[in-house]
Amino acid sequence: MQMTGWAQFAASDATATLAGAGSAVDVARNAFIYRQAERADQIFFIETGLVKIDGASPEGRHAVIALLGAGAFFGESCLAGHTVRKTNASALLDSRLLAIRKSTMMRLLRSNLHVARYFTAYVLRRLARAEEDLMDLRVNSMERRLARALLVLASMDEESHGPSVLTAINQQTLAEIVGSTRPRINELMSKFRRLGYISASGPLRVHSSLVDVLLRGKA
């Protein structure tokens, strides 16, 4: 969503303050930023790129919890007192991050109104999105879940000025996002192509007609 007036100024001021408070980190595509059980003493802010947050159960089952683009924070659970990472974070595209120490971020949240409002607004959006994702997993069909995931990724592409988000996502990642298997995702992607909802050849492109799957519940 495009910001105007005071909101745009406040966001610019917040990101400038964060840049001065953190250390720039360049992460190559497919590299880990942190892993589960590692010490949690920093929060990260994405300047450019795409970051995957995922986790694994003791039985080895994997799930993608979030895909985050420019303007997103992650690793923020350390601010709530968590001392070790509960998830993995890795770059799906070459990414530039700001690494901000926990103590520094806590000080900014107490002393800088623009940073506090910017971070609070982000956390609220993330919470709302998490509730939508949980509802999606609980009540929607596999086709609707995949359609929603593809539409969200396509919207990230529209807002990004960097490499395509869609080209960085493989079918295994899609399976982990929607709670399915790679063969089932391959089957549904082939169906979506036949119906003209996504591109039939070349780089993956999502067409607006895919919204029909969300409305009807089935392709």
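Residues numbered from 1 in each chain as written. Predicted model: local features only at pLDDT ≥ 70, side-chain atom pairs only at ≥ 80, totals over all residues. Heavy atoms only, no water.

Caption draft 1: Inspection of the packing of helix H2 (residues 102–111) against helix H3 (residues 113–139) at higher detail. Running from N to C, H2 and H3 point in directions that differ by 105°, and their axes come no closer than 6 Å. Taken together, the axes of H2 and H3 are roughly perpendicular relative to one another. Listed contacts from H3 to Met105, Leu108, Leu109 and Ser111 of H2 are Leu113, Val115, Ala116 and Phe119. (Axes fitted to C-alpha atoms, helices over the stretch in contact; angles between N-to-C directions. Helix = DSSP H or I, 4+ residues; strand = E, 2+ residues; numbered from the N terminus. Parallel < 35°, antiparallel > 145°, perpendicular 65-115°, else oblique. Contact = heavy atoms within 4.5 Å.)

Caption draft 2: Structural view of the sheet that holds strand E2 (residues 32–34). Pairing is antiparallel in the open sheet, where four strands are placed in the order E2-E7-E4-E5. Of all strands in the sheet, those bounded by a partner on one side alone are E2 and strand E5 (62–68). For this sheet the average axis-to-axis angle between neighbouring strands, irrespective of direction, equals 30°. Looking at chain direction, E2 and strand E7 (residues 88–91) are connected through two bridges and run antiparallel. Note on E7: the bridge partner recorded for Tyr34 is Ala89. Running at roughly 100° to E5, helix H5 (residues 171–178) makes contact with strand E4 (51–56) and E5 of the sheet. (Pairing = 2+ DSSP bridges.)

Caption draft 3: Inspection of unusual backbone geometry at higher detail. Phi at Asn30 is positive, roughly 75°, even though this residue is not glycine. Locating Asn30 in the fold gives a position in the loop between strand E1 (23–27) and E2. Relative accessible area serves as the criterion here: at 57%, Asn30 is assigned to the exposed category. The phi torsion at Ala37 lies on the positive side, around 80°, for a residue other than glycine. Relative to the helices and strands, Ala37 is located in the loop between E2 and strand E3 (42–48). (Buried < 20%, exposed > 50% of the residue type's maximum accessible area, 1.4 Å probe, protein only.)

Caption draft 4: The arrangement of the environment of Ser190 in detail. Summarising the element assignment, Ser190 is placed in helix H6 (residues 182–194). The sequence separation of Ser190 and Ala80 amounts to 110 residues, and the corresponding C-alpha distance is 43 Å.

Caption draft 5: Region of interest: the packing of aromatic side chains. Counted by the stated rule, this structure contains nine aromatic pairs. Their ring planes at 55° and their centres at 5.0 Å tell us that Phe45 and Phe73 sit as a pair that is tilted. On the criterion of sequence distance, the pair formed by Phe45 in strand E3 and Phe73 in strand E6 (residues 73–74) is long-range, its members being 28 residues apart. With respect to burial, Phe45 and Phe73 carry one shared label: buried. Ring geometry for Phe192 and Tyr197: centres 6.0 Å apart, planes at 80°, overall edge-to-face. Take Tyr197: its relative accessible area is 7%, and that puts it in the buried class. Through a chain of ring-to-ring contacts, three or more aromatic side chains come together here, namely Phe45, Phe73, Tyr118, Phe119 and Tyr122. When the ring centre of Tyr34 is taken as origin, the NZ or CZ atom of Arg85, which lies over that ring, is 4.2 Å away. (Phe/Tyr/Trp six-rings, centres within 6.5 Å; stacked < 30°, edge-to-face > 60°. Lys NZ or Arg CZ within 6 Å of the ring centre and 35° of its normal.)

Caption draft 6: The sheet that holds strand E8 (residues 95–101), seen in detail. Taken in spatial order, the four strands of this open sheet run E1-E8-E3-E6, and their pairing is antiparallel. Edge positions in the sheet fall to E1 and E6, since each has one partner strand and no second. The pairing of E3 with E6 spans two bridges and is antiparallel. In the sheet register, Phe45 faces E6, and the bridge partner there is Phe73. Taken strand by strand, H2 contacts E3, E6 and E8, and its axis lies near 80° from that of E8.

Caption draft 7: Inspection of the nonpolar core at higher detail. The biggest cluster of nonpolar side chains holds 32 residues, and the ones touching the most others in it are Leu18, Ile33, Phe73, Phe74 and Met105. Those residues within four positions of Met105 in sequence are excluded, and the remaining contacts are Leu18, Ile43, Phe73, Leu79, Ile100, Val115 and Phe119. (Core = buried A, V, L, I, M, F, W, Y, C linked by side-chain atoms within 4.5 Å.)

Caption draft 8: Structural context of the environment of Asp13. For Asp13, the location among the structural elements is in helix H1 (residues 5–21). By relative accessible area, Asp13 is classed as partly exposed at 27%. Expressed as a C-alpha distance, the spacing of Asp13 and Arg193, which sit 180 residues apart in the sequence, is 44 Å. Separated by 2.8 Å, the side chains of Asp13 and His114 make a polar contact. (Polar contact = N/O pair within 3.5 Å; in protein donor to acceptor, adjacent residues only side chain to side chain.)

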